[in-house]
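# Fold and contact review
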Amino acid sequence: MTLTIPLVLLLAVVVVLLLRFRAVGAGAAVAVALFGFYLAHTGAADTVNQLVTAFTDALPGITR
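Every value quoted in this text rests on a predicted model; they were computed, and no experiment measured them.

What counts and what doesn't
- Residues numbered from 1 in each chain as written.
- Predicted model: local features only at pLDDT ≥ 70, side-chain atom pairs only at ≥ 80, totals over all residues.
- Heavy atoms only, no water.
- Helix = DSSP H or I, 4+ residues; strand = E, 2+ residues; numbered from the N terminus.
- Rg over C-alpha atoms; globule rule 2.2 N^0.38 Å.
- Areas by Shrake-Rupley, 256 points an atom, 1.4 Å probe, with all protein chains shown as cover.
- Buried < 20%, exposed > 50% of the residue type's maximum accessible area, 1.4 Å probe, protein only.

### Focus on the overall build of the protein
Helix and strand counts for the protein come out as three helices and zero strands. Along the protein, from the amino end to the carboxyl end, the secondary structure elements read α-α-α. Its C-alpha atoms give the protein a radius of gyration of 14 Å, more than 25% over the compact-globule value 11 Å for 64 residues. Of the roughly 5,800 Å² of accessible surface on the protein, a fraction of 71% belongs to carbon and sulfur atoms.

### Remarks on the environment of R20
Tracing the chain through its elements places R20 in helix α1 (residues 7-20). Residue R20 is classed as exposed on the basis of its relative accessible area, which comes to 65%. With 43 residues separating them in the primary sequence, R20 and T63 have C-alpha atoms 32 Å apart.

Take a look at the structure:
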């Protein structure tokens, strides 16, 4: 059985947990979110997307 979770949802959960456990402040979380938003509109967006896709495609191949 394969479970598909959107990466943005997974990252949002991580940010919420970091905020909840006070590992990062609200200002830092907003800054990172804005950075990601603006990064998506640059020429680096395709490269970042390809890197994330390659990483997520390689995960099932990693075995113990």
